[in-house]
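Structural features, examined
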Amino acid sequence: MTNVILHQYAGSPFSEKIRCLLGYKEQSYQTVEIPVIMPKPDLMALTGGYRKTPVLQRGADIYCDSSMICRFLDDIFPDNPIYPQDQIAALTAAVHWTDTFLFKVSVAVAFQPRAMAANDLFSDPAVAEAFTKDRAELTKGSTELGMDLSVAQPHWWQHMKLLEAQLSKAAFLGGESPTILDFSTYHCCWFVYKNDVLQGDLGAFPALAEWMQRMAAFGHGKPTTITGDAAVEIARNGQPAAISDASATSEPQFAVGDEVQVLPVDYGFQPTCGELMLASMDELIVKRTDPRAGDVAVHFPRLGFRVAVAS
Ligand SMILES: N[C@@H](CCC(=O)N[C@@H](CS)C(=O)NCC(=O)O)C(=O)O
């Protein structure tokens, strides 16, 4: 049993990306089932504001955003590496496009009217209304997640066609073994094609369908569920890991120790406030003290996040 805890819920595509990676890495881990909508009090005790799903925890270190989580998991479980350095710039760009633009397209396709009718989440009108209200709050001040189906559908087909062409030539997008791009692409496809109504559309893309089966065959590793309260207790009993290059900062406006807030640039503008511990080229770490969780270090990737003076 490793000591990482995945805060997630079953229907979350970005959580599926992490579950699938933990399957590929053949890891045992703990999970906390977090609520699909706010409030998420146990998660807030850990992140201090960041509300998106998933979040990964190791002791008193909290990792936000699936891109940060994947990098961290690849560092601590180095077997079967997924970041080939001879492709790293092209890969990072393609993964970011996939996790942002393609994800946005996939949301519109997955939530199209003919699919919604078969979605359990929306069978109870009260639940559907609460979900819609919550997601309106999540995307307040942002246009990043909204796309009409008439715009999304041709973009989706075009990319499925390109994936089909590439996957007819190799087992994975990374070639003979998967890279991070396989995991990012997989969660978008999973989100759309896990719906029985849309699954039939996959018939037009046999190589893509086989690749999805290969990805699904990695499984989810060995998860054991614990409560949110137990996860907060684990944070309280731990201490944030020491940072080796703490004095190094690539941030011109801020110094280590400054009070800052960190938040996503796309949607979910709920900031995490605290003391800047690290601002490297690819990571931001904020230290905060929570009444329940004690001292925690909250980690964010640089890509897709901004740091500002705490308000
Ligand atoms: N950039 C984020 C995106 C995460 C995201 O949008 N997750 C969705 C669920 S898959 C979410 O947070 N929905 C709102 C919620 O769970 O409260 C990542 O890579 O982790």
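What this report covers is the structure whose coordinates are included nearby. (Residues numbered from 1 in each chain as written. Predicted model: local features only at pLDDT ≥ 70, side-chain atom pairs only at ≥ 80, totals over all residues. Heavy atoms only, no water.)

**Brief notes about the packing of helix α7 (residues 149-167) against helix α10 (residues 206-216)**
With their axes 7 Å apart at the nearest point, α7 and α10 run at an angle of 75 degrees to one another. Classified by the angle between their axes, α7 and α10 sit roughly perpendicular to one another. Contacts from Met160, Leu163, Glu164 and Leu167 of α7 reach α10 at Pro206, Ala207, Leu208 and Trp211. Of the residues contributing to the contact of α7 with α10, the split by class is seven nonpolar, no polar and one charged. (Axes fitted to C-alpha atoms, helices over the stretch in contact; angles between N-to-C directions. Helix = DSSP H or I, 4+ residues; strand = E, 2+ residues; numbered from the N terminus. Parallel < 35°, antiparallel > 145°, perpendicular 65-115°, else oblique. Contact = heavy atoms within 4.5 Å. Nonpolar A, V, L, I, M, F, W, Y, C, P; charged D, E, K, R; others polar.)

**Focus: the state of the cysteines**
Considering all chains together, one arrives at zero disulfides under this definition. In this model Cys20 remains outside any disulfide bridge; the closest cysteine sulfur is found in Cys70, 9.7 Å from its own. Here Cys20 falls in the buried class, since its relative accessible area comes to 1%. (Disulfide = S-S within 2.5 Å. Buried < 20%, exposed > 50% of the residue type's maximum accessible area, 1.4 Å probe, protein only.)

**Looking at the environment of Glu275**
Within the secondary structure layout, Glu275 lies in strand β7 (residues 272-279). Residue Glu275 is classed as partly exposed on the basis of its relative accessible area of 34%. The spacing of Glu275 and Val256 is 19 residues in sequence and 7.5 Å in space, taken between C-alpha atoms. Ignoring sequence-local partners within four residues, the contact set of Glu275 consists of Gly257, Asp258, Glu259, Ile285, Val286 and Lys287.

**Considerations on the side chain of Ser184**
Tracing the sequence through the fold places Ser184 in helix α8 (residues 180-193). Apart from residues lying up to four places away in sequence, Ser184 is in contact with Lys17, Val95, Thr98 and Asp99.

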